[in-house]
Amino acid sequence: TEEKSLHFIEQIIEESLTNGFPKDKLRFRFPPEPNGYLHIGHAKSICLNFGLGLKYNAPVNLRFDDTNPAKEEQEYVDAIKEDLRWLGFKWNEELYSSDYFQQLYDWAVAMIKNSKAYVDSQSSEDIAIQKGSPTQPGVDGPYRNRSVEENLKLFDAMKNGDYPEGSHVLRAKIDMKSTNMLMRDPLMYRILHRHHHRTGNDWNIYPMYDYAHGESDYVEQISHSICTLEFVMHRELYNWFLDQIYDHDKVRPHQYEFARLNLNYTVMSKRKLLQLVQENIVNGWDDPRMPTISGLRRRGYTAASIRKFCDIIGVAKRENVIDYSLLEFCLREDLNKTAPRVMAVLDPVKLIITNYPEDTEEWLEAENNQEDFSAGFRKVPFSKELYIEREDFLEEAPSKFFRLSIGREVRLKNAYIIKGESVVKDAAGNISEIHVTYDVDSKSGSGSDASQRKVAGTLHWVCVQHALEVEVRLYDRLFSDEAPDSHKEKSFLDFVNPDSLEIIKGFVEPSLANVQAGEKFQFQRLGYFNVDFDSSSEKIVFNKTVGLKDAWEE
Ligand code: ATP
Ligand code: MG
Ligand code: MG
């Protein structure tokens, strides 16, 4: 196996180990906010943090960053845990920022006592105006120099629910003239009379992300707190908050930033994904068109293919956009090795072998996966009437058409060589039957001369009498634009592809009678298909996962 060079965060860790940081103090976390389902972007962060945990044999906490009760729900907590498990990662502890609400409150009180925080009673508009702009320093507001006593009294009353939302906030007292806008007395707490999914109605004030995140890292003694590049400017504030509480005997967390995953032809913000769900543009967070982990899983993605994808894209400090086709490439590579081959016909036309005996069937041997000999063989039924794909026949075909037409020969996969003879058409002029003759000596695997005969093409088929009718859901990209959320004048919703889902009936070979949700197959010559969890013994439902070839280049 080839040695991979270290990515920049591994290099930072190696350096700190060299400089004496104890290896057993390495500790990481993955900190989702439970305000939506995980998406493929989160997978990058998961693979990074849990990958470091595995590499350094260090704990990785699952920390729910649940400081905004307005948007958070237990459903999301459960979904996040399920997705993490499915991706194949084990967290050390399951923790919640909300578990630290009392500690965070106590630290805030201490900061007030040290004149490092104050209650501001202005409107959010006035606070925003005083903040200035990147080119203009901010100005101190009228409440900035309130006495410690008054601040303590007000903050306590805020906590007790004595004031309406928006009437007061707690702000850190830093520097209204800082060149970093985030350092201009940032908010630490706001009043929210909301029910929290874990703390219920205990709190009427909730900490802001910037305050809660670093302090939570400190509580958990996270050594390397890894986030995406949007937080570069927040690092100064992260460090300032830590300065207020840091005890020199403890590990001091450090924040490091890497480039988030951007993928074309999709959106990844949870807010936008929620909009797709709420406006019924998709059928839930796990709709197979969604870039969520649960959507990809339902579509037929394997956890291994997602981990492989994260491995290939790597970890760096520069933003870029990854082609969706790379994700599909990783999937195809995996499924090619693992998915059993079967025959299915999705746009059927009847084929009648005129010289094949009536009321006869044979069960032919078919290989399950030519890439994996251990996958073995199965039997498929064959008789006089079959279905083939409509597009595999042309009455009059150009010379480069390597399929069936009148007077030409093809092989039926695992079966015989047939020759096109004539067609029957319905009143509208559409072909309703194709009549062919077969070469009785040409049976695949029989060893006869005719079985070795080369013909222009091989077609898949199913036997009419034994075929199972199934529902097949065909998906196209959800957005018709490469960067749907990058347009100034238009919403990403303006680029939703109206034809992203097509539901058809198809026929599959009878070996699929007892498939279970989540089973994956290659329908030969068509692509990879996953049994949907809407599937039952009465109605089998397949999702088309991905075609055999890259269709994005077209
Ligand atoms: P979104 O912006 O999509 O709503 P978020 O960043 O608000 O996502 P969190 O639940 O806060 O979502 O994210 C949990 C972790 O996943 C964070 O450390 C965040 O940096 C990381 N993360 C989120 N999106 C991506 C992405 N596209 N690429 C890499 N990491 C990501
Ligand atoms: Mg967030
Ligand atoms: Mg975000």
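Residues numbered from 1 in each chain as written. Chains lettered and ligands numbered in written order. Predicted model: local features only at pLDDT ≥ 70, side-chain atom pairs only at ≥ 80, totals over all residues.

Now for the site of ligand 1. Taken together, 15 residues sit near ligand 1, with Pro32, Gly41, Ser45, Arg260 and Lys270 positioned nearest. Mapped onto the shell around ligand 1, the elements with two or more residues apiece are α2 (40-56) and β8 (224-228). Looking at the shell around ligand 1, its residues break down into five nonpolar, five polar and five charged. (Near = placed C-beta within 6 Å. Helix = DSSP H or I, 4+ residues; strand = E, 2+ residues; numbered from the N terminus. Nonpolar A, V, L, I, M, F, W, Y, C, P; charged D, E, K, R; others polar.)

Its domain assignment divides the protein chain into domain 1 (8-258), domain 2 (270-340 + 470-546) and domain 3 (350-460). One C-alpha centre belongs to domain 1, the other to domain 2; they are set 34 Å apart. Opposite the 19 residues of domain 1 that make contact, domain 2 presents 19 residues. At the level of secondary structure, the elements contributing two or more residues to the side of domain 1 that touches domain 2 comprise α1 (8-18), α2 and α3 (74-87). (Domains from an automatic or database assignment. Contact = placed C-beta atoms within 7 Å.)

Moving on, we get to the nonpolar core. With 91 residues, the main nonpolar core has Ala344, Tyr387, Trp461 and Val462 as its most contacted residues. Apart from the residues within four sequence positions on either side, Ala344 is in contact with Val462, Gly506, Phe507, Val508, Phe523 and Leu526. If you look at the next biggest cluster of nonpolar residues, it comprises 27 residues, including Phe101, Met111, Phe155 and Ile205. (Core = buried A, V, L, I, M, F, W, Y, C linked by C-beta atoms within 7 Å. Buried ≥ 20, exposed ≤ 12 C-beta atoms within 10 Å, placed from the backbone.)

Here we take up α3. With 14 residues, α3 ought to run about 20 Å at 1.5 Å a step, and its terminal C-alpha atoms sit 20 Å apart, in line with that. Of the residues making up α3, those classed as buried are Tyr76, Ala79, Ile80, Asp83, Leu84 and Leu87. Here the buried residues of α3 occupy an arc of 135° about the axis, which is enough to place them on one side. Within α3, the exposed residues directed more than 90 degrees away from the buried face are Gln74, Asp78 and Arg85. Trailing α3 by a residue or two, Gly88 shows a phi angle of about 100°, which is positive. (Expected span 1.5 Å × (residues − 1). Arc of directions from axis to C-beta.)

Pairing is mixed in the open sheet, where seven strands are placed in the order β21-β18-β19-β20-β12-β15-β22. Edge strands, defined here as strands with exactly one partner in the open sheet, are β21 (458-459) and β22 (462-463). Pairing between strand β12 (residues 348-353) and strand β20 (residues 431-438): four bridges, direction parallel. Within the sheet, the bridge partner assigned to Leu351 lies in β20 and is Ile434. (Pairing = 2+ DSSP bridges.)

On to unusual backbone geometry. Of note, Asp185 is a non-glycine position whose phi angle comes to about 45°, a positive value. The class for Asp185 is buried, based on 24 C-beta atoms found within 10 Å. For Asp359, which is not glycine, the phi torsion reads 50° and is therefore positive. On the basis of neighbour count, Asp359 is assigned to the exposed category, with 7 C-beta atoms found within 10 Å.

Let's shift gears to the UniProt feature "domain: Glutamyl/glutaminyl-tRNA synthetase class Ib catalytic" (unreviewed entry) in the protein chain. In this numbering, the UniProt entry assigns the feature "domain: Glutamyl/glutaminyl-tRNA synthetase class Ib catalytic" (unreviewed entry) to residues 25-336. Across residues 25-336 one finds 40% helix and 12% strand; the C-alpha atoms that close the span lie 42 Å apart. (UniProt positions renumbered as here; feature names shortened; annotations may be inferred.)

Angle between the axes and distance between the axes are the two parameters that describe a pair of packed helices. It is at 9 Å that the axes of helix α4 (residues 101-113) and helix α6 (residues 148-159) come closest, and there the two elements cross at 160°. In terms of orientation, α4 and α6 fall into the roughly antiparallel class. The crossing of α4 and α6 is right-handed. The segment α4 lies against α6, with Tyr105, Val109, Ile112 and Lys113 engaging Val148, Asn151, Leu152, Phe155 and Lys159. Per-class residue counts for the contact of α4 with α6 are six nonpolar, one polar and two charged. (Axes fitted to C-alpha atoms, helices over the stretch in contact; angles between N-to-C directions. Parallel < 35°, antiparallel > 145°, perpendicular 65-115°, else oblique. Left-handed = near helix turned anticlockwise from the far one by under 90°.)

So, on to the packing of α2 against helix α11 (residues 303-313). Viewed as axis vectors pointing N to C, α2 and α11 meet at an angle of 80°, and their least axial separation amounts to 9 Å. With respect to their mutual orientation, α2 and α11 come out roughly perpendicular. Across from Ala43, Lys44 and Cys47 in α2, the residues of α11 making contact are Ile306, Arg307, Cys310 and Ile313. Here the residues of the contact of α2 with α11 sort into five nonpolar, no polar and two charged.

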